[in-house]
Each structure stands twice: as structure tokens, then as C-alpha cells.
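Chain by chain, the residues run as shown.
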Amino acid sequence: MRQTWRWFGPDDAVTLSDIRQAGAEGIVTALYDTPPGQVWTDGALAARKAQIETAGLTWDVVESLPVTEAMKTGDVDCVRDTATWIDSLRAVARAGIETVCYNFMPVLDWTRTDLMYPRPSGARALRFDLIDFAAFDLRVLGRDATYPPAVTEAAMTHQIDGDALTRTILAGLPGAMEGWTLESFRTRLAAYADVGEAGLRANLAAFLRAVVPVAEELGVRLCCHPDDPPWPLFGLPRIVSTEADYAELVGIVPSPSNGITFCTGSLGARADVDLPGMVERLGPHIHFVHLRNVRREAETVPCSFFEDDHLAGSTDMVAVIRALLAEQARRHASGRADWQMPMRPDHGQMILDDHTRRTAPGYPAIGRLKGLAELRGVMVALS
């Protein structure tokens, strides 16, 4: 697999020089300074690409081209925003970038309750604690939400720092394009009151029918990132959480341009997802790979989990990589031009002096370097 690295642009504390020294070949990035719903310009794309190439790297994947809330809810601005999204996609294609990752998660991107979870080694990790999350939902947000009785009981008596939880959950994380206050968050949740799971699936289908034919015409591969965590949050539907969800997604508009971002960390938070088997069954649709490991603290859905070392955790990463390399070999043998899948070490624990840089949560320099080195070693050993 082609080794890539997520970079958050010129303001990222992890520089392009750092990334090249880590051994990455390509960059995964986006025009993060362009607000959702505004078109990406040829000039901005060319400038960012030139900066990457001057550093001896290539721009391999756009992550993410943001799908607006209007496109997810299907409200009055949906048609306008979809047209703008397509205009941006055309500009991406003119820039020579062939893989575009997006997500269809309502309101929030990936969600955690602790960004500095201490590990016995001294490292710090991202964590989703179900009790903390339920406590925030029930006691801070004040929703009349239903959780398993044991979770509700613990959440109502558990000591929390409400302000800290609010900042962590609602402030916005990499991939999200805006943060929320409690008031604006409640307003946004209300916008989904009449959408429901069926409505969100219908809106995803409408989005795919509009954009996939254009992507195929342009020779661009679209790949949808799974929900993270892969279950409903705050009463919001989640529709890209399981293998069955992905089988439905790629079947809506069958096309080489309608594909999957295979994120082992997001999907691996569910005990009922067979990741190596998913590669075998849906492998031809995988256009982009995120390799990350989580340690589930229960085998229920939902559950608490934290982001473990890349070769630790609840996912058999060696088995996953073996399946991905087998899929690559099948593509190469069949003559597919896109036989090599771009992968990146997704997230990483904060280790050594990572704390001295103001990096995005989950994206430290040394923690990801360690993860990439471990994953590279597995790939070499299996090749």
C-alpha cells in the first residue's frame, strides 16, 4: 500500500519536512480554510499542491471535501450546496487528484470524551467513555435519551466536569468544519427531528446519484468514511456503520467511482464487524485505507473504547493488512490502474515530546511516526 500522511496545511505543527522524514510518500489534505458550501478554486488547489510537491511529496487524497448539513438534511440549500460540491470536485480533478474522501455523519464528525487519556506507558490516547458520554447527553445537554439501565444509572451518579466534556465533544475535531455551543448544537439536533434514519439514507442516495456520475466522468474515486463511533449519537441516525451499510452504499450507484474509506479504527469499535472478511467481500470498492486500532472495553454496541497502539487493541491488524495486500494483488493481476491503495496511519498516541507541539487531537508527529513504522514493518513482512 502507498504510505501517506494527513497534513492540515501550512498551519500544521507537523511540517512537510517532518512527514517526509517519517517515510511517507504522499499527503492527505484538504483546503481546510475554505468554509463548507464554498467552491474550491483552481488557484488555491494549485498553490497547495505546489507546496506539497516542492517538499518532495505528492498530494494523493483529498480528505475531506465537506458535505454540508443542508445536503444531509435535504433542506432548501441542498441543491445549491450539491452543485457547489460538484464544482469543487471538478476543480480537484483539474488539479490531478484522483481520490476524494468524504463523510455523511450528521452534525458531528468523530466524537471522543477524553483527548488525553493516560496510558500505563505514559502515553496519552483518545478515548470514548460511554458513561461520560451518556452523562453529558442526559445531564449537560438535557436530552430525554434512552440508554441501557445500567448506563443510565451510572451516568446520573458519575462525577463529571461538564465544562470539559462540553469543550471536548462540541468544540469540533479534525475533519469537522465548525464547532458548536450548547445552544447552537441543540438547534442543529432539532433540524434532524423529521429526518430520521430513512430520511438520511434517502438523502445519501440522492447525493450519490448526483455526484457519482460526475466523478466517474472525471476519473475520480469517491470514498465514504464510516461513522465514528459507528452507532447513533444524540438521537441522530448513523447510516455508515456496518458492512451491510457499505454494501447498500456501493449498490445505490454501482460505479468504480463509488467506494469506501476503510477505517479499521472506526469500524473496529464494533465487535460485530469482521474487518478481514469485509476486505474479502467488499475489497474492490476500497479506495482509501485508515489503519488504526481501538481497544473495546466491552463487546456491546455501543461500548467504551480507547485508541490503542496500532498493533495492539481489539483488531487483528496483521490479518487486516494480509487481506488488504491480497486485494491489491488481485487488482494488480487483473490490470487495474488503481491497484495500489493509499493508506495512512490513522491517529496515534502522544509519546515522547509530542506534547510540546500544538497538533490536532489524535495527530501527533511521533505517535504517528511510530504507527507508520509498525504498519510498514507488517507490510514488508507479509509481502
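Above this text you will find the structure in question.
What counts, and where the lines are drawn
- By convention here, each chain's residues receive numbers from 1 onward along its written sequence.
- Residues qualify for local features only when their pLDDT is at least 70, as the model is predicted, and side-chain atom pairs are given and counted only at 80 or more; totals for whole chains, interfaces and linings, by contrast, use all residues.
- With hydrogens and water stripped out, all remaining heavy atoms of the structure feed into the side-chain values.
- At least two bridges found by DSSP between two strands are what make those strands a pair.
- Helix numbering and strand numbering both begin at the N terminus, where a helix is a DSSP run of H or I of at least 4 residues and a strand a DSSP run of E of at least 2.
- To get an axis, a line is fitted to the C-alpha atoms, and for a helix only the part in contact is used. The angle between two axes follows their N-to-C directions and goes from 0 to 180 degrees.
- The contact criterion used throughout is that any non-hydrogen atoms of two residues lie within 4.5 Å.
- The term salt bridge refers to a side-chain nitrogen of Lys or Arg lying within 4 Å of a carboxyl oxygen of Asp or Glu.
- Only protein chains enter the accessibility calculation, which uses a 1.4 Å probe. A residue is then buried if its area is under 20% of the maximum for its type, exposed if over 50%, and partly exposed in between.
- When an angle is under 35 degrees it counts as roughly parallel; over 145 it counts as roughly antiparallel; between 65 and 115 it counts as roughly perpendicular; any other value is oblique.
- When the near helix sits turned anticlockwise from the far one by under a right angle, the crossing is termed left-handed; a clockwise turn instead gives a right-handed crossing.
- All residues other than Ala, Val, Leu, Ile, Met, Phe, Trp, Tyr, Cys, Pro, Asp, Glu, Lys and Arg, Gly among them, are scored as polar; the first ten of these are nonpolar and the last four charged.
- In this tally, Asp and Glu contribute negative charge and Lys and Arg positive charge; neither His nor the terminal groups of the chain are included.
- Each helix should span, by expectation, one fewer than its residue count multiplied by 1.5 Å.
- To be clear, the arc concerns the directions from the helix axis to the C-beta atoms.

Draft legend 1. A look at the sheet that holds strand E8 (residues 258–263). Read around the closed barrel, eight strands run E1-E2-E3-E4-E7-E8-E9-E12, paired in parallel fashion. Across the sheet, the mean angle separating the axes of adjacent strands is 30° when strand polarity is ignored. Across five bridges, strand E4 (residues 99–103) lies against strand E7 (residues 221–225) in parallel orientation. Across the sheet, Cys-101 pairs through a bridge with Cys-223, a residue of E7. Helix H2 (residues 42–54) contacts strand E2 (26–29) and strand E3 (58–63) of the sheet and is inclined by roughly 130° relative to E3. Together, E8 and strand E9 (286–291) form the strand contacts of helix H13 (residues 317–334), whose direction differs from that of E9 by roughly 155°.

Draft legend 2. Representation of the pattern of salt bridges. Counted by the stated rule, this structure contains 35 salt bridges. Of the charged contacts, one joins Arg-296 and Glu-299 as a salt bridge, the two residues approaching to 3.3 Å between their closest N and O atoms. We classify Arg-296 as buried; its relative accessible area is 14%. The exposure class of Glu-299 is exposed, given its relative accessible area of 54%. What you see here is one network of salt bridges that share partners, running through Arg-6, Glu-63, Arg-112, Asp-228, Arg-292, Glu-307, Arg-344 and Asp-346.

Draft legend 3. Expanded view of the pairing of E4. Judged by how many residues are buried, E4 sits mostly within the fold: five of five residues are covered. Residues of E4 alternate between two faces, with Thr-99, Cys-101 and Asn-103 on one and Val-100 and Tyr-102 on the opposite face, all of them buried. Summarising the sheet, E3 and E4 pair through two bridges and their orientation is parallel. In the sheet register, Val-62 faces E4, and the bridge partner there is Val-100.

Draft legend 4. Broad picture of the environment of Ala-83. Relative to the helices and strands, Ala-83 is located in helix H4 (residues 78–94). Overall, the relative accessible area of 38% leaves Ala-83 in the partly exposed class. Separated by 128 residues in sequence, Ala-83 and Val-211 place their C-alpha atoms 8.9 Å apart.

Draft legend 5. Structural view of the packing of helix H10 (residues 243–252) against helix H12 (residues 275–282). Look at H10 against H12: their axes get within 11 Å of each other, and the N-to-C directions meet at 15°. For the element pair H10 / H12, the angle class is roughly parallel. For H10 against H12, the interelement crossing comes out right-handed. Taken together, the residues of H12 that come into contact with H10 (itself represented by Glu-243, Tyr-246 and Ala-247) are Met-278, Arg-281 and Leu-282. Taken together, the residues of the contact of H10 with H12 break down into four nonpolar, no polar and two charged.

Draft legend 6. Expanded view of the side chain of Thr-359. Position of Thr-359 among the secondary structure elements: in the loop between strand E12 (342–345) and helix H14 (365–382). Among all residues touching Thr-359, those that are not within four sequence positions of it are Ala-13, Val-14 and Pro-364.

Draft legend 7. Highlighting the side chain of Asp-12. Take Asp-12: it is sitting in the loop between strand E1 (2–6) and helix H1 (16–21). Buried and without a salt bridge, Asp-12 has Arg-368 as its closest oppositely charged side chain, separated by 4.9 Å. In this structure, Asp-12 is in contact with Arg-6 and Trp-7, ignoring residues within four places of it in sequence.

Draft legend 8. Fine view of H14. The terminal C-alpha atoms of H14 lie 26 Å apart, and with 18 residues this matches the ideal 26 Å at 1.5 Å per residue to within 8%. Along H14, the residues classified as buried are Ala-365, Gly-367, Arg-368, Gly-371, Leu-372, Leu-375, Val-378 and Met-379. All buried residues of H14 project into a common sector of 160° when viewed along the axis, lining one side. Facing away from the buried side of H14, by more than 90 degrees, are the exposed residues Val-380 and Ala-381. Residues of H14 that are buried make contact with E1, E9, H13 and E12.

Draft legend 9. Region of interest: the packing of H4 against helix H9 (residues 196–218). One can describe the packing of H4 onto H9 by two numbers: an axis separation of 10 Å at closest approach and a directional angle of 20°. One finds that H4 runs roughly parallel with respect to H9. The chirality of how H4 crosses H9 is right-handed. Judged by residue contacts, Thr-82, Trp-85, Ile-86, Leu-89, Arg-90 and Ala-93 of H4 engage Phe-207, Ala-210, Val-211, Val-214, Ala-215, Glu-217 and Leu-218 from H9.

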